[in-house]
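Given next are the chains, with one letter for each unit.
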Amino acid sequence: MLLVACTDKGSQQQQTKPADDFVTDVMLRTTPVKEQGQSNLCWAYAMLATVETEHIMQGDSVDLSVAYLAYHLLADQARQRYASGGNHPITMRGMATTALHLLQLYGAMPYTSYRQREEVSYRGLCQQAQRIADQELAHRKGISHLDKTTAALLDEVMGTPPSWVFMLGCQYTPLEFAHSLYQPYEYAALTSFTHRPFGTKMVIDVPDNIYHDTFLNVPLDSLMHYAEHALRTGHPVCWEGDVSETGYDQHQGVAKLSHDHPAVTQESRQRAFDHQQTTDDHCMAMIGIAHNSEGRKFFICKDSRTNTLRRGLVYLEEDYVRAKTIAMVIPTAALPPMSQLIPEPSDPFIPSTL
């Protein structure tokens, strides 16, 4: 916490440095941290950052546009509101699997080809898109007319997305470009709760799961092992969890459980979820592992906030991850064979909506 009332120069200098010193054990290569601003798009920033790092570690140069996914999410949400008779609220919230859903349906765009305009208010856009959908619903002009009207709004405010991707002398459609970066079988979405059987797919009942995506349910120790193994073998992990705890200090870039917190077990994390003490608040890309002077393990995350002491990195203590994880998306290349994860080896796990 910054003590803004402090006037001593030496003390001020201390306040501009992180409180903890870490020794880095693993650090994967990434694109620069991007700022999500006032948007609720952390899930898109995190999942695209995970895809970027997965390819960068393989020697590719990839930097992806969040604004492109946001554009198509808004258009898709307007259609859903129309189809629901006005009962579906338009939101920019989502989960990591929401980004995978959009990549599969609408494709991807390089960051340099379609950047987010700083003046864009996604809250305002949601309200405008909702009004348009309601007006179109009142006049019953149909989905096609709604698409044109919504596109006109989004083009004006966000800019018209390019129709083509030009890279390394080749021309791709956005879908072709996305499919060169991501196929559903290349990522597995995992969770760990006891109210559903392990080894089966489950819908995580949180408000941000807007497409009702399913997650493979595995024991907590297995989930933690998979995440660490992925990072130590050069693969990123998209982490989704609770950052509302008092031990989560965004400015310092450190998250710890309190010293008197009991040991984290499968049962204790289930109780916290059932009592809504663990909620789906934020999403980040895990890109490394570190330890502190006490030898405690921390997972290094790439956040979508740049105005922090660690320049957008957040260090999550191992027990914090055990207690406060809602879900993880892990490249399948870092996981055991699917036959060991799920009973049907011919049915690789993908989000149910893809």
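See the structure printed just above.
The structure contained in this document is the topic of the report that follows. (Residues numbered from 1 in each chain as written. Predicted model: local features only at pLDDT ≥ 70, side-chain atom pairs only at ≥ 80, totals over all residues. Heavy atoms only, no water.)

### Concerning unusual backbone geometry
Negative phi is the rule for most residues except glycine; trans is the rule for most peptide bonds.
In step 1: Positive phi outside glycine occurs at Leu168, with the angle close to 50°.
In step 2: If you trace the backbone, Leu168 turns up in the loop between β2 (165–167) and β3 (170–172).
In step 3: Although it is not a glycine, His212 sits at a positive phi angle of roughly 55°.
In step 4: Secondary-structure assignment places His212 in the loop between β5 (201–203) and β6 (214–217).
In step 5: Residue His212 is classed as exposed on the basis of its relative accessible area, which comes to 54%. (Helix = DSSP H or I, 4+ residues; strand = E, 2+ residues; numbered from the N terminus. Buried < 20%, exposed > 50% of the residue type's maximum accessible area, 1.4 Å probe, protein only.)

### Details of the packing of aromatic side chains
In step 1: Across all of its chains, the model carries 7 aromatic pairs by this definition.
In step 2: Residues Phe22 and Phe298 carry aromatic rings whose centres are separated by 4.7 Å and whose planes lie at 65° to one another, so their mutual orientation is edge-to-face. Taken together, the residues span a long stretch of sequence, with Phe22 in the loop between α1 (9–15) and β1 (23–27) and Phe298 in strand β11 (residues 297–302) at a distance of 276 residues.
In step 3: Seen from the ring of Tyr111, Lys34 lies directly overhead, with NZ or CZ sitting 5.2 Å from the centre.
In step 4: It is Arg310 that lies over the ring of Tyr315; its NZ or CZ is 5.1 Å from the centre. (Phe/Tyr/Trp six-rings, centres within 6.5 Å; stacked < 30°, edge-to-face > 60°. Lys NZ or Arg CZ within 6 Å of the ring centre and 35° of its normal.)

### Regarding empty space enclosed by the protein
In step 1: Under the criterion given, the structure shown has 1 cavity of 30 Å³ or more.
In step 2: Its volume calculated, the largest cavity comes out at about 110 Å³.
In step 3: Every residue lining the largest cavity is counted, 15 residues in all, and those nearest its centre are Lys34, Tyr45, Ala46, Ala49 and Lys302.
In step 4: Broken down by element, the lining of the largest cavity gets its largest block of residues, 6 residues, from helix α2 (residues 42–56).
In step 5: The residue inventory of the lining of the largest cavity, partitioned by class, reads 10 nonpolar, 1 polar and 4 charged. (1 Å grid on protein atoms, 1.4 Å probe; cavity = no way out; pocket = protein on both sides within 12 Å on 5 of 7 lines; lining within 4 Å. Points joined across faces, edges and corners; volume = space filled by probe spheres on them. Nonpolar A, V, L, I, M, F, W, Y, C, P; charged D, E, K, R; others polar.)

### Topic: the nonpolar core
In step 1: Judged by nonpolar contacts, the single largest core of 66 residues is most densely connected at Leu41, Met47, Leu74, Tyr122, Met158 and Ile204.
In step 2: For this core, the elements supplying multiple residues, two or more each, are α2, α3 (66–83), α4 (96–106), α5 (122–139), α6 (143–158), α7 (174–181), β4 (187–191) and β13 (325–331).
In step 3: Ranked by residues supplied to this core, first place goes to α3 with 11 residues.
In step 4: Beyond its immediate chain neighbours, meaning those up to four positions away, Met158 contacts Ala67, Ala70, Tyr71, Leu74, Tyr114, Arg117, Val120, Tyr122 and Leu125.
In step 5: Leu216, Val218, Leu220 and Ile289 belong to the second largest nonpolar core, which has 44 residues in total. (Core = buried A, V, L, I, M, F, W, Y, C linked by side-chain atoms within 4.5 Å. Contact = heavy atoms within 4.5 Å.)

### Side note on the side chain of Glu136
In step 1: Locating Glu136 in the fold gives a position in helix α5.
In step 2: Beyond its immediate stretch of four places on either side in the chain, Glu136 contacts Tyr82, Lys141, His145, Leu146 and Thr149.

### Focus on the pattern of salt bridges
In step 1: All chains considered together, the criterion is met by 15 salt bridges.
In step 2: A salt bridge links Arg322 to Asp221; its shortest N-O distance comes to 3.0 Å. Here Arg322, found in helix α10 (residues 318–324), pairs with Asp221, found in helix α8 (residues 220–232); they are 101 residues apart in sequence, far enough to count as distant.
In step 3: Looking at Arg322, the relative accessible area reads 16%, which means it is buried.
In step 4: Each member of the salt-bridge network shares a partner with another, and the members are Lys34, Glu52, Asp63 and Lys302. (Salt bridge = Lys/Arg side-chain N within 4 Å of Asp/Glu carboxyl O.)

### A word on the packing of α5 against α6
How two helices sit against one another is set out by the angle between their axes and by the gap between those axes.
In step 1: Look at α5 against α6: their axes get within 10 Å of each other, and the N-to-C directions meet at 160°. Taken together, the axes of α5 and α6 lie roughly antiparallel to each other. Seen from above, α5 lies across α6 with right-handed handedness. Facing Tyr122, Leu125, Gln128, Ala129, Ile132, Ala133 and Glu136 of α5, the residues of α6 in contact are His145, Leu146, Thr149, Thr150, Leu153, Leu154, Val157 and Met158.
In step 2: Residue composition of the contact of α5 with α6, grouped by class: 10 nonpolar, 4 polar and 1 charged. (Axes fitted to C-alpha atoms, helices over the stretch in contact; angles between N-to-C directions. Parallel < 35°, antiparallel > 145°, perpendicular 65-115°, else oblique. Left-handed = near helix turned anticlockwise from the far one by under 90°.)

### What about α2?
In step 1: With 15 residues, α2 should cover 21 Å at 1.5 Å per step; its first-to-last C-alpha distance of 21 Å lies within 8% of that length.
In step 2: Most of α2 sits inside the fold, with 15 of its 15 residues counted as buried. (Expected span 1.5 Å × (residues − 1).)

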